[in-house]
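# Architecture at a glance
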Amino acid sequence: MKVTITLLFTTLLVVSYLFLTPYLALISLKEAVQAGDGEAIAERVEFPTVRESLKKQLQTKITNDLLPSGGQAATSPAVALLGTTISSSFIDNLVDDFITPSNLIGLLALGKSDSSKLDTIEDLNDAAIHSASLRYRGINQFSLWFDGEVGGITLVFSRRGLRWNITEIRLP
């Protein structure tokens with residue numbers, strides 16, 4: 001009987017832990033955003049993974065704009081190739097420069113890239129993260145969707161040991 005109760009209690013603790021830790025990670029992230037603590041945010045973001053994800057998304061978007069219908073170029077193939085080559089280099093530099101802890105504070109706070117526009121603590125309390133929706137994608141991954149100024153943004157969190165880190169930012 002004691003073994004059954006202990007096993008039931010242990011199972012309840014494990015399930016509670018798995019269910020609550022994403023919320024605890026979000027609370028911790030929100031506190032770091034409100035404090036403007038770039039170092040704390042940097043600990044919760046896997047910057048190389050996030051940067052590569054954004055580079056792929058932006059490159060796909062530009063390629064699709066240059067080749068809009070089933071791979072047939074709107075312009076000549078040579079111009080499309082030149083455009084994607086130039087844009088690839090430009091995107092790499094842009095993403096590397098833009099994805100920093102201070103810019104992520106602005107993105108998470110109000111969907112803005114400039115956190116200097118956050119004049120009062122009320123701005124942070126009204127942040128877009130309040131209107132977010134959380135979705136589990138498995139035992140080791142969840143996503144947070146919120147509406148920013150330019151559309152919905154999704155943050156994908158992955159479990160790394162006992163911590164949750166942002167591993168991807170999906171743009172609208």
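As the structure is a prediction and not an experimental result, all values here were calculated from the model. (Residues numbered from 1 in each chain as written. Predicted model: local features only at pLDDT ≥ 70, side-chain atom pairs only at ≥ 80, totals over all residues. Heavy atoms only, no water.)

### Concerning the overall build of the chain
Counting secondary structure elements, the chain contains 6 helices and 4 strands. Per-residue burial for the chain yields a buried fraction of 34% across its 172 residues. When the accessible area of the chain is evaluated, it comes to approximately 10,300 Å², of which 62% is carbon and sulfur surface. (Helix = DSSP H or I, 4+ residues; strand = E, 2+ residues; numbered from the N terminus. Buried < 20%, exposed > 50% of the residue type's maximum accessible area, 1.4 Å probe, protein only. Areas by Shrake-Rupley, 256 points an atom, 1.4 Å probe, with all protein chains shown as cover.)

### What to know about the packing of aromatic side chains
Tallied over the full model, the rule gives 4 aromatic pairs. Where Phe19 meets Tyr23, the ring centres are 5.7 Å apart and the plane angle is 50°; that geometry is what we call tilted. Of this pair, Phe19 and Tyr23 both sit in helix H1 (residues 2–35), separated by 4 residues, roughly a single helical turn. Pairing Phe142 with Phe157 gives two aromatic rings, centres 4.6 Å apart and planes at 5°, and the pair type is stacked. Highlighted residues: Phe142 in strand E2 (residues 141–148) and Phe157 in strand E3 (residues 151–160), separated in sequence by 15 residues. The residues Phe142 and Phe157 share a single accessibility class, namely buried. Ring pairs connect the aromatic residues Phe19, Tyr23 and Tyr136, which therefore count as one cluster. (Phe/Tyr/Trp six-rings, centres within 6.5 Å; stacked < 30°, edge-to-face > 60°.)

### Let's talk about the pattern of salt bridges
Considering all chains together, one arrives at 4 salt bridges under this definition. Here Lys55 ties to Glu52 by a salt bridge, and the two come within 3.6 Å at their closest N and O atoms. Placement of both Lys55 and Glu52 in helix H3 (residues 47–66) is noted, with a separation of 3 residues, approximately one turn of the helix. You can call Lys55 buried: its relative accessible area is 12%. Here Glu52 falls in the partly exposed class, since its relative accessible area comes to 41%. The shortest N-O distance in the salt bridge between Lys55 and Asp96 comes to 3.1 Å. Of the two residues, Lys55 is situated in helix H3 and Asp96 in helix H4 (residues 77–98); the sequence distance between them amounts to 41 residues. Take Asp96: its relative accessible area is 33%, and that puts it in the partly exposed class. Here the salt bridges share partners, and the residues they tie into one network are Glu52, Lys55 and Asp96. (Salt bridge = Lys/Arg side-chain N within 4 Å of Asp/Glu carboxyl O.)

### A few points about the side chain of Ser158
Relative to the helices and strands, Ser158 resides in strand E3. In terms of polar contacts, Ser158 uses its side chain to reach the side chain of Thr167, at 3.0 Å. For Ser158, the contacting residues outside a window of four places in its chain are Asn140, Gln141, Arg163, Trp164, Asn165 and Thr167. (Polar contact = N/O pair within 3.5 Å; in protein donor to acceptor, adjacent residues only side chain to side chain. Contact = heavy atoms within 4.5 Å.)

### Overview of the confidence of the model for the chain
Close reading of the predicted structure is inappropriate where its pLDDT is low. Confidence in the prediction for the chain averages 76 pLDDT; 72% of positions are at 70 or higher. Ranking the elements of the chain by mean pLDDT puts helix H6 (residues 121–125) last with 43 and strand E4 (residues 163–170) first with 91. (pLDDT = per-residue confidence, 0-100.)

### Considering the environment of Val45
Here Val45 is to be found in the loop between helix H2 (38–44) and H3. Residue Val45 is classed as buried on the basis of its relative accessible area, which comes to 6%. Residues Val45 and Asn165 lie 120 residues apart in sequence; the distance between their C-alpha atoms is 5.3 Å. Apart from the residues lying within four places of it in its own chain, the contact partners of Val45 are Val50, Leu104 and Ile166.

### Notes on the nonpolar core
With 25 residues, the main nonpolar core has Ile41, Val45, Val50, Leu155, Phe157, Ile166 and Ile169 as its most contacted residues. Contributing elements (two or more residues each) for this core: H1, H2, H3, H4, helix H5 (101–110), E2, E3 and E4. In terms of residues, this core owes the most to one element, H1, which gives 5 residues. Residues in contact with Ile41, not counting those within four places in the same chain, are Leu29, Ala32, Val33, Pro101, Leu104 and Ile105. (Core = buried A, V, L, I, M, F, W, Y, C linked by side-chain atoms within 4.5 Å.)

### Focus on a nonpolar patch on the surface
A surface patch of nonpolar side chains, amounting to about 570 Å² of accessible area, comprises Phe19, Leu20, Tyr23, Leu24, Ile27 and Tyr136. Considering the arrangement of structural elements, one finds Ile27 in helix H1. (Patch = residues over 30% accessible without salt bridge, like charges linked within 9 Å, V, L, I, M, F, W, Y side chains within 5 Å.)

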